[in-house]
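# Structure assessment
Spelled out from the first residue to the last, the chains are:
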Amino acid sequence: MKHPFKPESLMMSHGYKPALSQGAIKCPIFQTSTFVFETAEEGKAFFELAYGKREKEEGEEQGLIYSRINNPDLEILEDRLCLWDGAEQCAVFESGMSAISTVLLEFLSPGDLLLYSRPVYGGTDHFIHHFLPKIGVHIVGFTAGQSQEDIIKAVDATGNADKLRMIYAETPANPTNTLIDLQMCRRVADHFQGDEKITIAVDNTYMGPLWQHPLKHGADLVLYSATKYIGGHSDVVAGAVLGDAEHILRVKTLRTFLGNMTGPWTAWLLMRSLETLKVRMEQQQANAQRVAEHLSKHPSVKRVKYLGLLTPDDAEYPIYKQQCEGSGAMVSFDIQGGEKEAFKFLNSLKLIKLAVSLGGTESLGEHPKTMTHAGVADEHLAELHITDSLVRLSIGVENIDDLIWDIDQALQAALTQQ
Ligand SMILES: *Cc1c(COP(=O)(O)O)cnc(C)c1O
């Protein structure tokens, strides 16, 4: 009898056969560069599949060749990641940026137009603005809150609407948690659809893989910095791309030649992380909700941006209900005052660490305007609500009373005149 086990029940075992590894309950680290073929004929058959020279036969699996192409740790990790997003296939990378840049390079060619949401992660922003134009890719941005008609007009105004080949979105946007409507992105793609496919790629790092599943809302590809919630312990840098077999075959083929796949040790660490993914993320979310509620009542705080505080009166509420399955664990807020008070708050924290990155077991705080978003052009700061007084928190798994104590004492220190 088949039972549809939930992903969290399968993270310890899915895709791994103990009998192939001396009965070891855990998948060993296959720290090997190459794999021995039983016969030359077998080697030939493996390469035929790897190079797409023939279709797989019934029940045939791609054999192991060389660790840049495949490795058991990579393949089992990819199988497990697929479960959370209900994806057909996955490709893992040595960083989130290598996953993102590989996707942009594979699906965009010189002369093509990219439509992307603003703000995107700083590294992505740099790649879009400073690398893609060098190879002749045209770019046009849009922000959360812009209507479908506005976006269509902006694309038309580039004069390259017929060359639109990709929509790239990051939602919720970092650092303010504003939401992009993914189904609207799909409608924009359908509007401009000609003979050549328009690919929708979504960076789901902030909410995934638990709280948002873009493939269910019209995206073709979902991208991750696995450094964040998937890794979850601030001890590994990695990335992932998921989608259907056709898209991932293209991504994996370019990955083979760029050589930016994860190594077996990184893949093993991520498998270990996935076993606790759900309990970690749920605890982080529960803590974040409490922190956000506490901040929203605090007299030293002007404004809190957290998805779990949205109410039916908020313009973003319908998008939130439609596409998010949780409120996440990223909280940002404006402290009374400006940079001086924000810095004093961050310098006064005793438990929460002052660091960029997010999604790990320990809580982190940072100042977006001068740190993660230091590269954002001045004219965009106001529109994106990146202010002097904005502080971003990534909430971890610590005891909630300790977190609230720390925030309270740091707010008090920040607002006390020296
Ligand atoms: C961190 C991050 C990235 C980049 O990932 P790396 O693993 O650091 O290369 C991309 N997108 C988002 C939203 C991120 O937070």
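Just above sits the structure.
We now turn to the structure provided with this report. The residue count restarts for each chain, going from 1 along the sequence in the order it is written. The predicted origin of the model limits local features to residues at a pLDDT of at least 70 and limits the giving and counting of side-chain atom pairs to 80 or more, whereas totals for whole chains, interfaces and linings rest on all residues. No hydrogens and no water enter the side-chain calculation; it runs on all heavy atoms of the structure.

### Some thoughts on the overall build of the protein chain
Note the threshold: A run of H or I in DSSP counts as a helix once it spans at least four residues, and a run of E counts as a strand once it spans at least two, with each numbered from the N terminus. The globule rule used for comparison is 2.2 Å times the number of residues to the exponent 0.38, while the radius of gyration itself is calculated over C-alpha atoms. Classification of residues uses two cut-offs on accessible area relative to the type maximum, computed with a 1.4 Å probe and protein chains only: under 20% is buried, over 50% is exposed, and between them is partly exposed. Only the protein chains shown count as cover for residues, and all accessible areas are computed by the Shrake-Rupley method using a 1.4 Å probe.
Of the regular secondary structure elements, the protein chain holds 14 helices and 12 strands. Here the protein chain has a C-alpha radius of gyration of 22 Å; the compact-globule value for 418 residues is 22 Å, and the two agree. For the protein chain, the spread of C-alpha atoms along the three principal axes comes to 80 × 55 × 40 Å. Each of the 418 residues in the protein chain was classed as buried or not, and the buried ones make up 52%. Accessible area for the protein chain stands at about 18800 Å²; split by element, carbon and sulfur atoms hold 53% of it.

### Quick look at helix 2 (residues 40-50)
Spelled out, the test is: The arc in question is traced by the directions running from the helix axis to the C-beta atoms.
Along helix 2, the residues that are buried comprise G43, F46 and L49. Looking straight down helix 2, one finds that the buried residues subtend no more than 125° of arc, so they occupy a single side. Residues A40, E41 and K44 are exposed on helix 2 and point more than 90 degrees away from its buried face. Positive backbone phi, at 65°, marks G52, one or two positions downstream of helix 2.

### Section: the packing of helix 4 (residues 96-107) against helix 8 (residues 245-258)
This is how the line gets drawn: Lines fitted to C-alpha atoms define the axes here, with helix axes fitted over just the stretch in contact, and angles between the N-to-C directions of these axes take values from 0 to 180 degrees. Each angle receives one of four descriptions, namely roughly parallel if under 35 degrees, roughly antiparallel if over 145, roughly perpendicular if within 65 to 115, and oblique otherwise. We call two residues contacting when some pair of their heavy atoms lies within 4.5 Å. The nonpolar class holds Ala, Val, Leu, Ile, Met, Phe, Trp, Tyr, Cys and Pro. Asp, Glu, Lys and Arg form the charged class, and all remaining residues, Gly among them, are polar.
Interaxial distance between helix 4 and helix 8 falls to 10 Å at its minimum, and their mutual angle equals 110°. By the angle between their axes, helix 4 is roughly perpendicular relative to helix 8. Mapping the contact onto sequence places T102, V103, L105, E106 and F107 in helix 4 and H247, R250, V251, L254, R255 and L258 in helix 8. Class assignment of the residues belonging to the contact of helix 4 with helix 8 gives a composition of 6 nonpolar, 2 polar and 3 charged.

### Let's talk about the side chain of Q212
Test applied: The term polar contact refers here to a pair of N or O atoms within 3.5 Å; inside protein, the definition further demands a hydrogen-donor-capable atom paired with an acceptor-capable atom, and it admits residues adjacent in sequence only when both atoms are side-chain atoms.
Topologically, Q212 is positioned in the loop between strand 5 (199-203) and strand 6 (221-225). Of the polar contacts made by the side chain of Q212, one reaches the backbone oxygen of T171; its length is 2.9 Å. Ignoring sequence-local partners within four residues, the contact set of Q212 consists of D85, T171, P172, N204, M207, Q323 and C324.

### So, the packing of aromatic side chains
Applied cut-off: Each Phe, Tyr or Trp ring, with Trp reduced to its six-membered ring, pairs with another whose centre is within 6.5 Å; inter-plane angles below 30 degrees give stacked pairs, above 60 give edge-to-face pairs, and intermediate values give tilted ones.
In total, this model carries 8 aromatic pairs according to the counting rule given. Ring plane angle 80° and centroid distance 5.8 Å describe the contact between F37 and F46, whose orientation is recorded as edge-to-face. Residue class for F37 comes out partly exposed when judged on its relative accessible area of 29%. We classify F46 as buried; its relative accessible area is 16%. With centroids separated by 5.4 Å and ring planes inclined at 85°, the aromatic side chains of F333 and F345 adopt a geometry described as edge-to-face. Placement of the pair is F333 in strand 9 (residues 330-335) and F345 in helix 12 (residues 339-348), with a sequence separation of 12 residues. Judged on exposure class, the residue F333 and its partner F345 are both buried. Through a chain of ring-to-ring contacts, three or more aromatic side chains come together here, namely F37, F46, F47 and Y51.

### Considerations on the pattern of salt bridges
The condition that has to hold: Just to be clear on terms, a salt bridge is a Lys or Arg side-chain nitrogen sitting within 4 Å of an Asp or Glu carboxyl oxygen.
A full pass over the atoms with the stated rule returns 19 salt bridges. For the salt bridge of K278 with E282, the shortest nitrogen-to-oxygen distance reads 3.3 Å. Of this pair, K278 and E282 are both found in helix 10 (residues 277-296), 4 residues apart, which corresponds to roughly one turn of the helix. The class of K278 is partly exposed, set by a relative accessible area of 25%. Here the salt bridges share partners, and the residues they tie into one network are R186, D190, K197 and D220.

### A few points about the site of the ligand
This is how it is decided: Any residue with a heavy atom positioned within 4 Å of a molecule or strand is treated as near that molecule or strand.
Around the ligand sit 14 residues in total, of which M97, D203, S225, T227 and K228 are the nearest. With respect to the ligand, the backbone of M97 contributes an N or O atom lying 2.8 Å from an oxygen atom. Residue D203 places a side-chain N or O atom 2.7 Å away from a nitrogen atom belonging to the ligand. For the ligand, whose free accessible area comes to 380 Å², the fraction covered by protein is 92%. For the shell around the ligand, the leading source of residues is helix 4, giving 3 residues. Split by residue class, the shell around the ligand holds 6 nonpolar, 5 polar and 3 charged.

### Points about the sheet that holds strand 2 (residues 113-118)
Heads up, the condition is: Strand pairing requires that DSSP identify at least two bridges connecting the strands.
Sheet architecture is open: 7 strands sit in the order 1-7-6-5-4-2-3, paired in mixed fashion. For this open sheet the edge positions go to strand 1 (89-93) and strand 3 (138-143), each flanked by a neighbour on one side alone. Adjacent strand axes in the sheet meet at a mean angle of 20° when their direction is disregarded. By the bridge criterion, 4 bridges tie strand 2 to strand 4 (residues 164-170) in an arrangement that is parallel. Note on strand 4: the bridge partner recorded for L114 is M166. Taken strand by strand, helix 8 contacts strand 1, strand 5, strand 6 and strand 7 (239-243), and its axis lies near 25° from that of strand 1.

### Regarding the side chain of S98
With respect to the helices and strands, the residue S98 is situated in helix 4. Not counting residues up to four positions away in its chain, the partners in contact with S98 are F93 and N260.

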